[in-house]
Amino acid sequence: MKILFVASEGLPYSKTGGLADVIEALPKALCDMGHEVAVLLPRYRGNKITSTLISSVSVAIGDTLRFPAIAEAQSHAGVRYFLVDDPYYFDREQLYGDKGGDYQDNAERFTEFSRVAIEFMKRIWLPDVVHCHDWQSALVPVLLNTQHASDPAVRSLPTVFTIHNLGYQGLFPETALRHSGLPENLFRMDALEFYGRVNFLKGGLLFADYLTTVSRRYAKEIQTPEYGWGLDGVIQGRADRLVGIVNGVDYSRWSPEADPLIAQNYSLHNLEGKKSCKRDLLQSFGLPAENLDRPVIGIVSRFVDQKGFDLIAEIADELMAEDVVLTALGEGMPEYESLFSALAAKLPGRVGAKIGYDNAMAHKVEAGADMFLMPSRYEPCGLSQIYSLRYGTLPVVRATGGLDDTVQNFDPRTKQGTGFKFEGYNGPALLECVRRALQTYRQPESWRLIQANAMQRDFSWKASAASYVTLYEAAKRSRIPRMARTSKI
């Protein structure tokens, strides 16, 4: 098949989070299976192109016409990359906003991106299926099934829409419809209207042929009020077209056997190198080597409430009363950055904190820590816990979303399990889980057994990509009978 990915970010050209990793790895896996894959992204600051394919595409945004270009960038691993080139909208310091918050014109920016995506399909590269991701490209299936429903070039194109995180929806005032040049009658309950506002993500949920999210449990969770962010009813109405497919990981980048960023390579059958990685991790965080005999808990994350940092703050003193070392890498909410900085100042020999993201340091944490902490409030999939499994760095996680799907709780009776999980979202439950992990750490035979269980798990993209292919084929076979009702727009 010819498969087009439409997304707001993707490596190797842009990244703010896990979406970019998926947009790099899944197309590559599909190419390896023999499919022809292209990725369409905005051209952000610093992105180099190889050629301009169309120098000007006329796009109506509100009362004005804009003329972005479509360019091609260098291919990677058999995947072709194309960029929507509009410096006014996309040549900015950040992708979605600055320290003052989201860019005020995000609705117009990503409406233009979605409109150009359709022109790209009509004029440059017509796929068999379109795979859109998150709210920034959610208007593609909306436009295909409304304003382009009678367009013979694209009216039969099937669309798949993936929700990477339902908490980010693209919410705007009603005036965003006019400013973006969208039809006003899309502002209704069975389209983009959402409690008096415009919701781009809701459009993708309603108008795409099939929906996916990035783990089986998260696909169930988002149909509940607790995790549905007000859209649980909409998603329940599309449940027959919703599939949970867990993200894979790229083991060519994240594997202790071949990782060039760690102090010494190691494997399931020879764990000696992990001790060298632990020593290197301690040194990198300015912690004394005497900590080699203590369990090291690693954190690599955005420091935000979603990731469970309110729970970590709640139990910080009790946690550090245990005989542990803590290494934290990340950035986010000021109160959590201050929390780790204060802990490091209070316990300079046992707490190391680095504010910011550093890819090489993330690899050091994965390889050198004994445990990896992810107590998320919700987690659509999560990648760090999957990396941790391969590195024998046992994850301590809350049983939610992809964390629940990918980590098996250790059962000391059966000796089965790959990590440690807790259910209730509260500090005592987290602390009890950490203590359970620490107790097991002091039993070397059990610990090695769990490491072996974890390191043998395979979350490569091959199986996930095959599931997507099955879904693409289903989307091609079956178009949602909505077009007749909406084609008048």
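The structure we're discussing is the one just above.
For every chain, the first residue of the written sequence is number 1, and numbering continues from 1 onward in sequence order. Residues qualify for local features only when their pLDDT is at least 70, as the model is predicted, and side-chain atom pairs are given and counted only at 80 or more; totals for whole chains, interfaces and linings, by contrast, use all residues. The side-chain quantities take in all heavy atoms of the structure and omit both hydrogens and water.

A. Molecular detail of the overall build of the chain. Comment: elements are numbered from the N terminus, with helices defined as DSSP H or I runs of at least four residues and strands as E runs of at least two. The helix and strand tally for the chain stands at 18 helices and 22 strands. For 489 residues, the compact-globule estimate of 2.2 N^0.38 gives 23 Å, and the C-alpha radius of gyration of the chain, at 23 Å, lies within 12% of that figure. C-alpha atoms of the chain, sized along the principal axes, occupy 70 × 45 × 45 Å. Within the chain, buried positions represent 61% of all 489 residues. The contact criterion used is simple: two residues touch if any of their non-hydrogen atoms lie within 4.5 Å. Look at the contacts in the chain between residues 6 or more apart in sequence, and 72% of them connect residues 24 or more apart. Each accessible area is a Shrake-Rupley result for a 1.4 Å probe, and residues are judged covered by the shown protein chains and nothing else. For the chain, the exposed area adds up to about 19,200 Å²; of that, 49% sits on carbon and sulfur atoms. A radius of gyration in this sense is built from C-alpha atoms; the matching globule rule multiplies 2.2 Å by the number of residues raised to 0.38. Relative accessibility thresholds used throughout: buried, under 20% of the residue-type maximum; exposed, over 50%; partly exposed, between the two (1.4 Å probe, protein chains only).

B. Helix H11 (residues 334–346), seen in detail. With 13 residues, H11 extends 18 Å between its outermost C-alpha atoms, agreeing within 8% with the 18 Å of an ideal straight helix rising 1.5 Å per residue. Those residues of H11 that fall on the buried side of the exposure criterion are Tyr336, Leu339, Phe340, Leu343 and Ala344. Projected down its long axis, H11 shows its buried positions confined to an angular sector of 125°, all on one face. Within H11, the exposed residues directed more than 90 degrees away from the buried face are Pro334, Ala345 and Lys346. Helix span is expected to be 1.5 Å times the residue number reduced by one. It is the directions from the helix axis to the C-beta atoms that the arc portrays.

C. Looking closely at the sheet that holds strand S18 (residues 325–332). Being paired, for any two strands, means DSSP has found at least two bridges between them. Ordered by their spatial adjacency, six strands build an open sheet running S19-S18-S17-S20-S21-S22, and the pairing between neighbours is parallel. Of all the strands in the sheet, just strand S19 (351–355) and strand S22 (420–422) have a single pairing partner and so form its edges. Sheet twist, expressed as the average angle between the axes of neighbouring strands with direction ignored, equals 15°. Pairing geometry for strand S17 (residues 296–303) and S18, over eight bridges, is parallel. Its bridge partner lying in S18, Ile297 is registered against Leu326. Under this scheme, a helix contributes an axis fitted over its contacting stretch, all axes are lines through C-alpha atoms, and angles between N-to-C directions fall in the 0 to 180 degree range. In the packing of helix H12 (residues 359–368) onto the sheet, contacts are made with S17, S18, S19 and strand S20 (371–374), and the angle to S17 comes to roughly 145°.

D. How the structure looks around the layout of surface pockets. Using a grid of 1 Å spacing that covers the protein atoms alone, one calls a set of points a cavity when a 1.4 Å probe fits there but cannot get out, and a pocket when the set is open and has protein on both sides within 12 Å along at least five of seven lines; lining residues are those with an atom within 4 Å of a point. Grid points are joined across faces, edges and corners, and a volume is the space filled by probe spheres set on the points. The space that makes up the second largest pocket amounts to roughly 410 Å³. In terms of lining residues, the second largest pocket is bounded by 15 residues, among which Lys275, Lys278, Asp370, Tyr441 and Arg448 are the most central. Those elements that provide at least two residues to the lining of the second largest pocket are helix H9 (272–284) and helix H16 (444–455). Here the lining of the second largest pocket takes five residues from H9, the largest share from any one element.

E. The packing of aromatic side chains, seen in detail. Pairing of aromatic rings covers Phe, Tyr and the six-membered ring of Trp, with a centre-to-centre limit of 6.5 Å; geometry is then stacked below 30 degrees between planes, edge-to-face above 60, and tilted otherwise. Within this structure, the stated rule accounts for 24 aromatic pairs. Taking the centre distance of 5.9 Å and the plane angle of 70° together, the rings of Trp229 and Tyr378 count as edge-to-face. Here Trp229 is found in the loop between helix H7 (216–221) and helix H8 (232–237), whereas its partner Tyr378 is found in the loop between S20 and helix H13 (384–391), with 149 residues between them in sequence. Exposure remark for Tyr378: the relative accessible area of 7% places this residue in the buried category.

F. Highlighting the packing of helix H15 (residues 427–441) against H16. It is at 7 Å that the axes of H15 and H16 come closest, and there the two elements cross at 110°. With respect to their mutual orientation, H15 and H16 come out roughly perpendicular. Note on element contacts: H16 touches H15 through Pro444, Ser446, Trp447 and Ile450, opposite Ala437, Thr440 and Tyr441. Of the residues assigned to the contact of H15 with H16, the class counts are five nonpolar, two polar and no charged. Relative orientations are named as follows: roughly parallel for angles under 35 degrees, roughly antiparallel for angles over 145 degrees, roughly perpendicular for angles from 65 to 115 degrees, and oblique for any other angle. Amino acid classes used here: Ala, Val, Leu, Ile, Met, Phe, Trp, Tyr, Cys and Pro are nonpolar; Asp, Glu, Lys and Arg are charged; the rest, including Gly, are polar.

G. Broad picture of the environment of Leu231. The topology assignment puts Leu231 in the loop between H7 and H8. Along the sequence, Leu231 and Lys202 sit 29 residues apart, while their C-alpha atoms lie 7.5 Å from each other. Leaving out residues up to four positions away in the same chain, Leu231 has contacts with Leu166, Gln169, Phe194, Asn199, Leu201, Lys202 and Leu205.

H. Layout of the sheet that holds strand S13 (residues 193–194). Pairing is antiparallel across the open sheet formed by three strands, whose spatial order is S12-S14-S13. Where the open sheet ends on each side, the last strands, each with one partner, are strand S12 (171–172) and S13. In this structure, S13 lies alongside strand S14 (residues 197–199), joined through two bridges in antiparallel fashion. Pairing of Glu193 across the sheet is with Val198, part of S14. The strands touched by helix H6 (residues 200–207) are S12, S13 and S14; relative to S14, the strand with the most contacts, the crossing angle is about 50°.

I. View of the state of the cysteines. Note on disulfides: each one is a pair of cysteine sulfur atoms within 2.5 Å. Throughout the structure, instances matching the rule amount to zero disulfides. Counting only cysteine sulfurs, Cys132 is the nearest neighbor of Cys31, a cysteine outside any disulfide, at a range of 18 Å. Its sulfur unpaired, Cys381 is 19 Å from the next cysteine sulfur, which belongs to Cys433. A relative accessible area of 2% means that Cys381 is categorised as buried.

J. Focus on the environment of Asn47. By the element assignment, Asn47 lies in the loop between strand S2 (36–42) and strand S3 (51–54). Of the residues examined, Asn47 reaches a relative accessible area of 7% and is grouped as buried. Counting along the chain gives 147 residues from Asn47 to Phe194, while the straight-line C-alpha distance between them is 35 Å. Here Tyr13 takes part through its backbone oxygen, which lies 2.8 Å from a polar atom of the side chain of Asn47. Here a polar contact is recorded for every N or O atom pair within 3.5 Å, except that within protein the pair must consist of a potential hydrogen donor and a potential acceptor, and residues adjacent in sequence are included only if both atoms are side-chain atoms.

K. How the structure looks around the pattern of salt bridges. A pair is scored as a salt bridge if a Lys or Arg side-chain nitrogen falls within 4 Å of a carboxyl oxygen belonging to Asp or Glu. Under the definition given, this model contains 25 salt bridges. As a salt-bridge pair, Glu221 and Arg217 come within 2.8 Å of each other at their nearest N and O atoms. Of this pair, Glu221 and Arg217 both sit in helix H7, separated by four residues, roughly a single helical turn. Within this structure, Glu24, Lys28, Asp250 and Arg253 form a network of salt bridges that share partners.

L. Representation of the pairing of S20 in the model. Side chains of S20 alternate between two faces, with Met371 and Leu373 and Phe372 and Met374 buried alike. Inspection of the sheet shows S17 paired to S20 by two bridges, in the parallel sense. The residue bridging Ile297 from the neighbouring strand is Met371, located in S20. Inspection of the sheet shows S20 paired to strand S21 (residues 394–398) by four bridges, in the parallel sense. Bridge assignment links Leu373 to a residue of S21, and that residue is Val396. A crossover connection joins S20 to the parallel S21 through H13; in handedness this β-α-β unit is right-handed. Look down the strands so they point away from you; if going from the first strand over the helix to the second traces a clockwise path, that crossover is right-handed.

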